Amino acid sequence: MTLLLALQYQFEWSVLWTAPYGRWLLQGIVTTLEISALAWLLAAALGGLFGAFRTMSGLGPRGLAAAYVEFFRNVPLLVWMFFWYFGVPQVLPATAQDWLNRHGGEFVAAVVALGVYHGARLAEVVRAGIQSVPPTQLEAALSTGLTVGQAYRRVLVPIAVRLIVPPLTNESLNLLKNSSLALTISVTEVTFMTRQIEAYTAKGFEAITAGTLIYLGLCLVVAAVMSRVERRLAIPGLVVRTEGAEH
Amino acid sequence: MRTHARKGSAAVLALSILLAGVVPAWAETTLEKVARTGSFVIGTRTGSPPFGFIDKNNQWGGFSVDLAKLVHAGIEKKLGKPVKFELKESTPTTRIPLLTSGAVDLIAGTMTITRARRESLDFSVVFFVTGAQFLVKKGSPIRGLRDIGGKRVGAQQGSTNEKVIREKHPQAQLVVFPDQPAAFTALAQGKIDAYTNDGVQLAGLKAKAPNPAEWDVVGEFYTYEPYGMAMRKNDSDFRNLVDFALMEAIEGGEYQKLYDKWFGPRGEVPYPLSESALIFLQMQVIPR
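Residues numbered from 1 in each chain as written. Chains lettered and ligands numbered in written order. Predicted model: local features only at pLDDT ≥ 70, side-chain atom pairs only at ≥ 80, totals over all residues. Heavy atoms only, no water.

Considering the confidence of the model for chain B
All names here are of chain B.
- Overall, the prediction assigns chain B a mean pLDDT of 88, with 91% of residues at 70 or greater.
- A low-confidence stretch, residues 1-25 stays under pLDDT 50, and its non-local contacts, those more than four residues away or across chains, total 15 contacts.
- Two numbers describe this predicted complex: its pTM, 0.74, and its ipTM, 0.72. (pLDDT = per-residue confidence, 0-100. Contact = heavy atoms within 4.5 Å.)

Re empty space enclosed by the protein
Residue and element names in this part refer to chain B.
- As enumerated under the stated definition, the model contains one cavity of 30 Å³ or more in all.
- Taken as a whole, the largest cavity encloses approximately 90 Å³ of empty space.
- In this structure, the largest cavity is lined by 13 residues; those nearest its centre are T110, S159, N197, D198 and Q201.
- Of all the elements in the fold, those that place two or more residues in the lining of the largest cavity are α6 (160-168) and β11 (194-198).
- Counted by class, the lining of the largest cavity contains one nonpolar, eight polar and four charged residues. (1 Å grid on protein atoms, 1.4 Å probe; cavity = no way out; pocket = protein on both sides within 12 Å on 5 of 7 lines; lining within 4 Å. Points joined across faces, edges and corners; volume = space filled by probe spheres on them. Helix = DSSP H or I, 4+ residues; strand = E, 2+ residues; numbered from the N terminus. Nonpolar A, V, L, I, M, F, W, Y, C, P; charged D, E, K, R; others polar.)

Details of the environment of B:E76
Residues and elements named next belong to chain B.
- One can find E76 in helix α3 (residues 63-79).
- Look at E76 and you get partly exposed, because its relative accessible area is 24%.
- It is 9.6 Å that separates the C-alpha atoms of E76 and F40, two residues lying 36 residues apart in sequence.
- In this structure, E76 is in contact with K81, P82 and V83, ignoring residues within four places of it in sequence. (Buried < 20%, exposed > 50% of the residue type's maximum accessible area, 1.4 Å probe, protein only.)

Let's talk about the sheet that holds strand β10 (residues 173-177) of chain B
All names here are of chain B.
- Spatially, five strands are ordered β10-β9-β11-β8-β12 in an open sheet, and the strand pairing comes out mixed. Looking at the sheet topology across the chains shown, the edges are occupied by β10 and β12 (215-218). For this sheet, the mean inter-axis angle between neighbouring strands, taken without regard to orientation, is 30 degrees.
- One ladder, built from four bridges, connects strand β8 (residues 132-137) with β11; its direction is antiparallel. Its bridge partner lying in β11, L135 is registered against Y195.
- Of the strands in this sheet, β8, β9 (152-156), β10 and β11 are in contact with α6, which crosses β10 at around 155 degrees.
- Along the sheet, helix α8 (residues 199-208) makes contact with β8, β11 and β12, crossing β11 at roughly 125 degrees. (Pairing = 2+ DSSP bridges. Axes fitted to C-alpha atoms, helices over the stretch in contact; angles between N-to-C directions.)

Focus: the layout of surface pockets
- Of the voids in this model, the second largest pocket is the one considered here, and its volume is about 420 Å³.
- Lining the second largest pocket we find 19 residues, and of these A:S186, A:T188, A:M193, B:R166 and B:L174 sit closest to its centre.
- Per-class residue counts for the lining of the second largest pocket are nine nonpolar, six polar and four charged.

What about the sheet that holds strand β3 (residues 52-54) of chain B?
Residues and elements named next belong to chain B.
- Pairing within the open sheet is antiparallel, and its three strands lie in the order β2-β3-β4. The sheet is open, and its two edges are formed by β2 (47-48) and β4 (60-61), each paired on a single side.
- Alignment of β2 against β3, held across two bridges, turns out to be antiparallel. Following the sheet pairing, S48 is matched in β3 by G52.

A closer look at the packing of helix α9 (residues 236-252) of chain B against helix α10 (residues 254-263) of chain B
Residue and element names in this part refer to chain B.
- Closest axis-to-axis distance for the α9/α10 pair is 4 Å, and the angle between their directions is 80 degrees. As judged from the angle between their axes, α9 and α10 are roughly perpendicular. Contacts between α9 and α10 pair A249, I250 and G252 from the former with E254, Y255 and Q256 from the latter.
- Across the contact of α9 with α10, the residue classes tally to three nonpolar, two polar and one charged. (Parallel < 35°, antiparallel > 145°, perpendicular 65-115°, else oblique.)

Observations regarding the environment of B:F63
All names here are of chain B.
- Residue position: F63 is located in helix α3.
- Sequence spacing of F63 and G109 is 46 residues, and the spatial spacing of their C-alpha atoms is 8.6 Å.
- What F63 contacts, discounting residues up to four positions off in sequence, is P50, F51, F127, F128, Y255, L258, Y259, W262 and F263.

Remarks on the packing of aromatic side chains
- Counting across every chain of the model gives 36 aromatic pairs over all chains.
- Pairing A:F11 with A:W13 gives two aromatic rings, centres 5.7 Å apart and planes at 10 degrees, and the pair type is stacked.
- Looking at A:W13, the relative accessible area reads 24%, which means it is partly exposed.
- With 5.0 Å between their ring centres and 90 degrees between their planes, B:F51 and B:F128 make a pair best called edge-to-face. With B:F51 in the loop between β2 and β3 and B:F128 in strand β7 (residues 122-130), this pair connects stretches of sequence that are 77 residues apart.
- The exposure class of B:F51 is buried, given its relative accessible area of 0%.
- Its relative accessible area of 2% is what places B:F128 among the buried residues.
- One aromatic cluster is present, formed by B:F51, B:F63, B:F127, B:F128, B:Y227, B:Y255, B:Y259, B:F263 and B:Y271 through successive ring pairs.
- In this structure, B:R166 is placed above the aromatic ring of A:W24, and the distance from its NZ or CZ to the ring centre is 5.1 Å.
- Directly above the ring of A:Y85 sits B:K191, whose terminal nitrogen or CZ lies 4.9 Å from the centroid. (Phe/Tyr/Trp six-rings, centres within 6.5 Å; stacked < 30°, edge-to-face > 60°. Lys NZ or Arg CZ within 6 Å of the ring centre and 35° of its normal.)

Some remarks on the nonpolar core
- Membership of the largest hydrophobic core comes to 58 residues, with the highest contact counts inside it found for A:Y68, A:M81 and B:F177.
- For this core, the leading source of residues is helix α6 (residues 105-131) of chain A, giving 13 residues.
- With sequence-adjacent residues up to four places away left out, B:F177 is seen in contact with A:Y85, A:S186, B:G154, B:A155, B:Q156, B:Q157, B:A182, B:A183, B:A186 and B:I192.
- Judged by nonpolar contacts, the second largest core, of 40 residues, contains B:I42, B:V242, B:I250 and B:W262. (Core = buried A, V, L, I, M, F, W, Y, C linked by side-chain atoms within 4.5 Å.)

So, in structure tokens, the structure goes:
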């Protein structure tokens, strides 16, 4: 605070909506939402699959899932960004590389980096959810004649999904905010755009404030939606629930 | 509880004062700050040979850093006591906030003086003159500005040439990187067809590349890039000190010695000083 007060800084909030900066911010928001949504779908698919694998008795799937989780969650996301952008395309055939370069390879790399990284984290959330379902549920399902696969699909996972909504919300918000790292591989998302505005106008505080409020707003919307989902999906009597506990 | 509430409202008040831009009109000058803290901090580059870069022996220095050392000597003389000389990394996106927030006292890197930047910063006299060109792989069809239509052209975020390509040459597909090494890797991998930056920086990249013969710096200068040192606005005593240090270096031959050290035939990046550039530099030296 004293630092800021010591500057004779002239605030000029209008840089946030005058052309072309306002349009840049909007484009940035759209890109952030696109990356986050696609990466979330990838993360949910990987997390669901490997999370379920980790709870299975077979050593094969369990080992594979453990390897995936430990490998991808224990390396910084920034490194994964460079890995998927500069590393992986090098081993692809030249035509595939060329195609990627013409069709926004940086966007694809960012989606994969975010999706695979958060997939590993989500797998642990899913595992925790499945393991918190009492074993009697599995036994009961099997005794009705369901196979293990069916028991997972029809009983364990549906219950687990309801239990993991709060940590899933957490992970989703992290994913959204982590998408800002995509700027390092030249994806023009919100943070990139705020830096761009700053570079053009030298109005850094305004640009960073705008970025902060945008992430805050987006995250609040996601949190509100997830909270609704949680209430909608709740199975009456499944868990102890007090009024308003979902907040 | 009550004290908490009071603290909270004080914070809200302070924040709203801050946001409203009602800022007390006091601030210490750069010389006062350096005298108080005992150190003179410059912002420079780590990946822009030979202006500011980390060399093979992990030493951080360069032409701009050496010039800033002359300013440092001027400060010590003025204050009559030794002060520390510190380096901080600054990039095109961070250098303005680093300076305005007081984290550094002088930007001595590869910053082009522009009228827009002079709205929020003050600049020294020009210490280097260059212009934007393109770096391409040898044999590339791109030979200059007229060949970039539909091509993927890399640039550094916040640089003046990025702005020129974006605004005046939208026929090119602009890909913006936060730093030069990332852009160069992308160029080497064929992710971009050309990388644009100031000619002397491209010469530096080429000279530092594993195999310099693979690369070509092509095209006429399509921008004018006069480099200057940047400082906080409205601090004319400090600006005089910086300017006089540079003028004395040009006048006394120290500048040419440093130029030769970094850009001479055996320097880090061989780049002869053109006669017109030399005359321009000398004419900036005003009489004592």
